[in-house]
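This is what each chain is made of:
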Amino acid sequence: MRIGIIGLGSIGQMLVKAFCKSNILSPENVIVYNRTQEKADILHAAYGIGVASSAQEICEQADHIFLCTKPLDILPLLGELTVSAEKHVISVAAGVSISDLEKSHTGPVSKVIPTVTSQELHGVSLFTCSTQVSAEQRSEFVNLLSAIGTAQEVTEDVIETATIISSSAPGLIAGILESFAEAAVRKSPQLDIDTARSILVETMLGTALLLKNEQLGFDQLITQVATKGGITEEGLRVLDKTLPGGFDELFAMTESKHAMLKELVQKQIAK
Ligand SMILES: NC(=O)c1ccc[n+]([C@@H]2O[C@H](COP(=O)([O-])OP(=O)(O)OC[C@H]3O[C@@H](n4cnc5c(N)ncnc54)[C@H](O)[C@@H]3O)[C@@H](O)[C@H]2O)c1
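Reading guide: rules and limits
- Residues numbered from 1 in each chain as written.
- Predicted model: local features only at pLDDT ≥ 70, side-chain atom pairs only at ≥ 80, totals over all residues.
- Heavy atoms only, no water.
- UniProt positions renumbered as here; feature names shortened; annotations may be inferred.
- Helix = DSSP H or I, 4+ residues; strand = E, 2+ residues; numbered from the N terminus.
- Buried < 20%, exposed > 50% of the residue type's maximum accessible area, 1.4 Å probe, protein only.
- Phe/Tyr/Trp six-rings, centres within 6.5 Å; stacked < 30°, edge-to-face > 60°.
- Near = heavy atom within 4 Å.
- Polar contact = N/O pair within 3.5 Å; in protein donor to acceptor, adjacent residues only side chain to side chain.
- Areas by Shrake-Rupley, 256 points an atom, 1.4 Å probe, with all protein chains shown as cover.
- Nonpolar A, V, L, I, M, F, W, Y, C, P; charged D, E, K, R; others polar.
- Core = buried A, V, L, I, M, F, W, Y, C linked by side-chain atoms within 4.5 Å.
- Contact = heavy atoms within 4.5 Å.
- Axes fitted to C-alpha atoms, helices over the stretch in contact; angles between N-to-C directions.
- Parallel < 35°, antiparallel > 145°, perpendicular 65-115°, else oblique.
- Left-handed = near helix turned anticlockwise from the far one by under 90°.
- pLDDT = per-residue confidence, 0-100.

As named in an unreviewed UniProt entry, the chain is Pyrroline-5-carboxylate reductase, taken from Brevibacillus reuszeri. On record in UniProt, under Pathway (unreviewed entry), the comment for the chain is "Amino-acid biosynthesis; L-proline biosynthesis; L-proline from L-glutamate 5-semialdehyde: step 1/1." Here the chain is described in UniProt, under the heading Sequence similarities (unreviewed entry), as follows: "Belongs to the pyrroline-5-carboxylate reductase family."

Pasting the structure below:
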């Protein structure tokens, strides 16, 4: 099996690093193409992967073709390429659906929403496949995603909400942690901001390990931490008052952005 990656921005580079780190593929079975060749050359030097001189070359050499460009670049790119009908085309773009992809490729197509945390071989890749994806292609695809974290199949009606808690979440969590660290320093200016940040990173890591390894529910961990009549209870009361409304707004705003993107993609198709 040979995979090709077109577009080496944040997520294209992450996929190369994660697939190489996981050893699921040998470097000669990974080929990449990016408009700015320097990014491809850097990855070639680090991992020994192949570098194609065009996106078309990827389509000729790879069995699974990952399109890792921005949402509004996916269909124009696919429209320029000649992809034989048996090849598996995989889009990572938010807002581009299976049926949108099927308008440009008559063969098997899938959509995956990766996450940057897969570079550490943890995190959830959401995916959905068209009915044309063969059992063998599907199995190879799921094996690839499982090598870099957890592969979670979802239907397209939930993929946008799930994207926020899997793929946007690392950025959102980093934003929450930054705000947490800054508030700590506002409260106690003698506390250095970098110290506050590294305390939070270690705490996050430990929290994730505890939840996962002990199979604790969030409520069980809360009970362990929040001593009855103690300090944490007060903090939780504040969160209960402020967070639900904030998260509802976050989902409303990200839903609007998804809708806007999908509308622009439909306009591209109608042209
Ligand atoms: N960043 C994330 O965490 C994340 C997570 C899940 C899905 N995605 C999806 O991944 C896609 C890329 O996002 P990103 O954050 O990596 O963006 P990015 O801007 O960092 O990367 C896009 C890359 O595509 C390249 N490119 C554009 N047109 C090209 C073409 N015709 N041929 C070859 N290369 C081309 C650009 O040079 C750039 O390197 C988006 O569709 C996004 O929805 C991103």
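Looking at the side chain of H258
By secondary structure assignment, the location of H258 is in helix α10 (residues 232–270). The class of H258 is buried, set by a relative accessible area of 9%.

Focus on the packing of aromatic side chains
Evaluation of the coordinates by the stated rule reveals 3 aromatic pairs. Judged by centre distance (6.4 Å) and plane angle (50°), the rings of F66 and F141 are tilted. Here F141 lies in helix α6 (residues 135–147) and F66 lies in strand β4 (residues 64–67), a separation of 75 residues in the sequence. Judged by relative accessible area, F66 falls into the buried class, the value being 0%. Between the aromatic rings of F127 and F141, the centroid separation amounts to 5.7 Å while the plane-to-plane angle is 85°, which identifies the pairing as edge-to-face.

Some points on the site of the ligand
Near the ligand there are 22 residues, and of these S10, I11, K39, T69 and S167 occur at the shortest range. Between the ligand and T69, the relevant distance is 2.7 Å, taken from an oxygen atom to a main-chain nitrogen or oxygen of the residue. Summarising the interface, the protein chains cover 79% of the accessible area of the ligand, which totals 830 Å² for the free molecule. For the shell around the ligand, the elements supplying multiple residues, two or more each, are α1 (10–22) and α4 (71–80). Its residues assigned to classes, the shell around the ligand shows 13 nonpolar, 6 polar and 3 charged.

Let's talk about the nonpolar core
If you look at the biggest cluster of nonpolar residues, it comprises 28 residues, and the most contacted ones within it are I5, L15 and F66. Elements with a contribution of two residues or more to this core: β1 (3–6), α1, β2 (30–33), α2 (37–47), β7 (124–129) and α6. In terms of residue count, the dominant contributor to this core is α1 (7 residues). Contacts of I5, omitting those with residues within four sequence positions, involve G12, L15, V16, I31, V32, Y33, I58, F66 and C68. With 22 residues, the next largest nonpolar core counts A52, A55, A62 and V96 among its residues.

Considerations on the UniProt feature "domain: Pyrroline-5-carboxylate reductase catalytic N-terminal" (unreviewed entry) in the chain
Annotation from UniProt places "domain: Pyrroline-5-carboxylate reductase catalytic N-terminal" (unreviewed entry) at residues 2–95. Measuring from the first to the last C-alpha atom of residues 2–95 gives 27 Å, for a span that is 44% helix and 19% strand.

A closer look at the packing of helix α7 (residues 156–187) against α10
The N-to-C vectors of α7 and α10 enclose an angle of 120°; their axes lie 11 Å apart at closest approach. As summarised for this structure, α7 and α10 are arranged oblique, according to the angle between their axes. As α7 packs across α10, the resulting crossing turns out to be right-handed. For the pair α7 and α10, the contacting residues are E160, T161, T163, I164, I165, L172 and I176 in the first and F247, L250, F251, T254, H258 and K262 in the second. Here the residues of the contact of α7 with α10 sort into 7 nonpolar, 4 polar and 2 charged.

Here we look at the confidence of the model for the chain
Across the chain, the average pLDDT comes to 97, with 100% of residues at 70 or higher. The ipTM, which scores confidence in the relative placement of chains, is 0.98 for this predicted complex, and the corresponding pTM is 0.97.

Comments concerning the UniProt feature "domain: Pyrroline-5-carboxylate reductase dimerisation" (unreviewed entry) in the chain
The positions UniProt marks with the feature "domain: Pyrroline-5-carboxylate reductase dimerisation" (unreviewed entry) are residues 156–250. Its end C-alpha atoms 20 Å apart, residues 156–250 is made of 84% helix and 0% strand.

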